[in-house]
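Listed below are the residues making up each chain.
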Amino acid sequence: MPNNLSLKDKCKVYFAQWLVKLGKLTHDDFSKSELHGLIANSFPYTFTFEIPIGIGSVSVLEGNLILDSEHNCIGLQCLAALKIDVAATTIYRAHVVFTLSATPHYDKNMSTLYLVDLKTDSVTLVNDDYALIKDTQFLLARFFPKSVNSLFGAPLKTAFSLFSAGTSDIAADYLRLYLSGSKQAILDYHTPQIDSAIKKQITQEHLSHTMRNDHWREVLFSKLGQSVRVEDDVLRFYLSK
């Protein structure tokens, strides 16, 4: 029995062990609010992702847990601010909601809960006052000398070829996204890159929780825990004598 449990909590563990042996206690449930307490301090955080030119960043502002009993999944729905900067100028920004999901797995030898098979289920645009998009004409005027004004009517690749040797095709193909003025089209283009960056950002350490020796319910589970499942809108920890 860990020494850092109070006498009262040690008694709780001892009594619960007898209930398990008598078959009166088969599982313990953790609610969404209890689980959310384990991740609440993780927000906000920011990560970057690669784009053809400039830099993309995602600031994850908040997250809410989703328990999917039908598919035995734990989900995380996050509100984030997406921003694209080129030459120190923000040319696109939007709020997005992305949803992740993973399957809970308990390793009783390690007394550790893991979330496995992480996947990004969706990335959805939020149309609000935060949204911003710069058109291609603004980009040419912002990033190139005024002397190129005469090139505004020329093909975009022709204009860029004069100022970005070796990368004109990449730059022009990317910035052509902005010609339509569609915030959704730009988000769709970047979704695979955001998905890849999320999976690089979230390590196995972030997706695991070792039972703590100063929480009596977790001490009990480290002793008698067998498996976990999402059931009845809770994370259910199964116990066995």
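Residues numbered from 1 in each chain as written. Predicted model: local features only at pLDDT ≥ 70, side-chain atom pairs only at ≥ 80, totals over all residues. Heavy atoms only, no water.

A.B. asks: It is not clear to me how the overall build of the chain should be interpreted in this structure. Could you clarify?
C.D. replies: Helix and strand counts for the chain stand at seven helices and ten strands. For the chain, long-range pairs separated by at least 24 residues make up 58% of all intrachain contacts whose partners lie at least 6 apart in sequence. Here the chain has roughly 13,200 Å² of accessible surface; of this, 52% comes from carbon and sulfur atoms. (Helix = DSSP H or I, 4+ residues; strand = E, 2+ residues; numbered from the N terminus. Contact = heavy atoms within 4.5 Å. Areas by Shrake-Rupley, 256 points an atom, 1.4 Å probe, with all protein chains shown as cover.)

A.B. asks: Hey, could you run me through the packing of aromatic side chains in this one?
C.D. replies: The description of an aromatic ring pair rests on the distance of the ring centres and on the angle between the ring planes. Under the counting rule described, the total for this entry stands at seven aromatic pairs. Both rings, one in Phe221 and one in Phe237, keep their centres 4.5 Å apart while their planes meet at 85°; by these two values the pair is edge-to-face. Of this pair, Phe221 sits in helix H7 (residues 216-224) while Phe237 is found in strand S10 (residues 234-239), placing the two residues 16 residues apart along the sequence. A relative accessible area of 3% places Phe221 in the buried class. Here the aromatic residues Phe30, Tyr106, Phe221 and Phe237 are joined through ring pairs into a cluster of three or more. Positioned above the aromatic ring of Trp18, the side-chain terminus of Lys21 is 5.3 Å from the ring centre. The ring of Tyr130 is capped by Arg93, whose NZ or CZ atom sits 5.0 Å from the centre of that ring. (Phe/Tyr/Trp six-rings, centres within 6.5 Å; stacked < 30°, edge-to-face > 60°. Buried < 20%, exposed > 50% of the residue type's maximum accessible area, 1.4 Å probe, protein only. Lys NZ or Arg CZ within 6 Å of the ring centre and 35° of its normal.)

A.B. asks: Quick question: what am I supposed to make of the pairing of S10 here?
C.D. replies: As a general feature of sheets, a regular strand has side chains that alternate between the two faces. The element S10 is extensively covered by neighbouring structure, given that five of its six residues are classed as buried. Of the strand pairs in this sheet, strand S1 (residues 27-30) and S10 are connected by four bridges, and their pairing is antiparallel. Paired with Asp28 across the strands is Phe237, a residue of S10. Pairing of strand S9 (residues 225-231) with S10, which is carried by six bridges, proceeds in the antiparallel orientation. By the bridge assignment, Val230 is partnered in S10 with Leu235. Once S9 ends, the chain turns through two residues before running back antiparallel as S10, passing Asp232 with a positive phi of about 55°. (Pairing = 2+ DSSP bridges.)

A.B. asks: In this structure, what is going on with the nonpolar core? I would like to understand it.
C.D. replies: Core analysis: the biggest nonpolar cluster contains 52 residues, and Leu82, Ile84, Tyr92, Phe98 and Tyr178 have the highest contact counts within it. The residues contacting Leu82, other than those within four sequence positions of it, are Phe49, Ser57, Val58, Tyr92, Arg93, Ala94, Val96, Tyr130, Leu187 and Ile194. (Core = buried A, V, L, I, M, F, W, Y, C linked by side-chain atoms within 4.5 Å.)

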